[in-house]
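Results of the structural survey
Here is how the chains run, residue by residue.
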Amino acid sequence: QHKDAYQVILDGVKGGAKEKRLAAQFIPKFFKHFPELADSAINAQLDLCEDEDVSIRRQAIKELPQFATGDNLPRVADILTQLLQSDDSAEFNLVNNALLSIFKMDAKGTLGGLFSQILQGEDIVRERAIKFLSTKLKTLPEEVMTKEVEEFILTESKKVLEDVTGEEFVLFMKILSGLKSLQTVSGRQQLVELVAEQADLEQTFNPSDPDCVDRLLQCTRQAVPLFSKNVHSTKFVTYFCEHVLPNLSSLTTPVEGLDIQLEVLKLLAEMSSFCGDMEKLESNLKKLFDKLLEYMPLPPEEAENGENAGSEEPKLQFSYVECLLYSFHQLGRKLPDFLTAKLNAEKLKDFKIRLQYFARGLQVYIRQLRLALQGKTGEALKTEENKIKVVALKITNNINVLIKDLFHIPPSYKSTVTLSWKPVQKADASQKRASEDTTSSSPPKKTSAGPKRDARQIYNPPSGKYSSNLGSFSYEQRGGFRGGRGRGWGGRGNRSRGRIY
């Protein structure tokens, strides 16, 4: 009977500032009494959400959740998602709060609105909707984030992942790995398969295409924390051995100042601990062994009088060797007779000579580092130079332990070391990682000590017969996808544009 009166209120949105303010309050207040005018009421409130007067806009946005009843909820969620593009901070916060409040009424309906905008909305809306999911989902209580809701998020995310930028992919992995239902072994396995799909491990690897290299590295970084003794890294380790290692020297990267070869070797080392049964183990171990030999020089030839016969002292690339030796040691456990039965005697003898020469250089260098760090504690160890020396000592100690294992007759694969860039795990499993480096969910046993520091500049060791070059001691902190949106992983140029309230 009051339909005409409600229509007058709806018409108020065409009036002056006072009428609009009253309309912004009364349209939602009486909305539920006039279901036949629902469309007109939502459209009228929507006009107020886009008013020139910021105070009217804020009032209208604040009341939007009152329209989120029954079939109207997904539409309200869609509208609120589009309003995330607001640059007014108070307005933006109101939109966030409104979305959270309707989330608690109907999580799946709200997600439907968010995902429809992620898939079809404008870039700014898509970007902010993804950010909303990556920051707010984890704050919602368990009674909202039910198993059914989490399954819906996974299903919808898979649709989005068919066409994403690298940056978006990283955010979606953050969203999905935070879901309770994916904390199980089978959940982690599902996530690894998603990453493998994104990395496109079936494609031919092109080392000279920076985007191809960057995509593989980004995906691998997302996969590494998911690996464990139950969730294997075999597919990735196989791909690295077969396609990446043989092309190591020709890799290109769009990231300035990144030692791309070291970055690849570090990822391979981290994954190698969790490799399962590999089909072509012997041939991949051979590729790894051949690459290791490239960084394990033979001693320079000596003249009859014992003097160096003019040839230059080889440079010892400690950082590279730590990664390669660790990976070889991990995979070698699966084929312990590789060095003795699969190599001919000449090759094994050559390898032992290289190991011995490298070990001699190591000993000299370890002594120099220990001397330099002797008696230094607390603040003294925090200087940039000493932090680098601490990392250098970890690297050289690790190589030393692994070389000793391989000198056993027959070679042994029993020692465990902590990779130099990884924090030493304390008993507290929830301990935060020291840097942004990716880490595995259950790392190998730890033996090395020393502050968990990353060295971020080249350290020039004291000159001496064996320490002419420490070998790329720049430990970049890993961030997200580098570069602008839409680069490298599909530009999503064919999506529709514009407002679709």
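Check the entry above for the structure.
From a predicted model like this one, the values you see are computed outputs, not experimental measurements.

Thresholds applied
- Residues numbered from 1 in each chain as written.
- Predicted model: local features only at pLDDT ≥ 70, side-chain atom pairs only at ≥ 80, totals over all residues.
- Heavy atoms only, no water.
- Salt bridge = Lys/Arg side-chain N within 4 Å of Asp/Glu carboxyl O.
- Helix = DSSP H or I, 4+ residues; strand = E, 2+ residues; numbered from the N terminus.
- Buried < 20%, exposed > 50% of the residue type's maximum accessible area, 1.4 Å probe, protein only.
- Expected span 1.5 Å × (residues − 1).
- Phe/Tyr/Trp six-rings, centres within 6.5 Å; stacked < 30°, edge-to-face > 60°.

Focus: the pattern of salt bridges
Enumeration over the complete set of coordinates arrives at 20 salt bridges. Among the salt bridges present, the one from Arg75 reaches Asp39, with a minimum N-O distance of 3.5 Å. Highlighted residues: Arg75 in helix H5 (residues 73-83) and Asp39 in helix H3 (residues 38-49), separated in sequence by 36 residues. Among the residues examined, Asp39 registers a relative accessible area of 49% and is labelled partly exposed. One salt bridge connects Lys291 with Glu294, and the closest N-O pair in it is separated by 3.2 Å. Of this pair, Lys291 and Glu294 both sit in helix H15 (residues 281-294), three residues apart, roughly one helical turn. For Glu294, a relative accessible area of 52% gives the class exposed.

Observations concerning helix H11 (residues 185-199)
In this model H11 runs 21 Å from its N-terminal to its C-terminal C-alpha over 15 residues, within 8% of the 21 Å that 1.5 Å per residue would give. Here H11 has its buried residues at Gly187, Arg188, Leu191, Val192, Leu194, Val195, Ala196, Gln198 and Ala199.

A closer look at the side chain of Thr110
Counting through the fold element by element, Thr110 comes out in helix H7 (residues 107-120). A residue is classified by how much of its surface remains accessible, and Thr110, at 0% relative accessible area, is buried.

Let's talk about the packing of aromatic side chains
Within the structure shown, the criterion is met by 14 aromatic pairs. Where Phe328 meets Phe338, the ring centres are 5.9 Å apart and the plane angle is 70°; that geometry is what we call edge-to-face. Of this pair, Phe328 sits in helix H16 (residues 318-332) while Phe338 sits in helix H17 (residues 338-342), placing them 10 residues apart in sequence. Across the pair, exposure class does not vary: Phe328 and Phe338 are buried alike.

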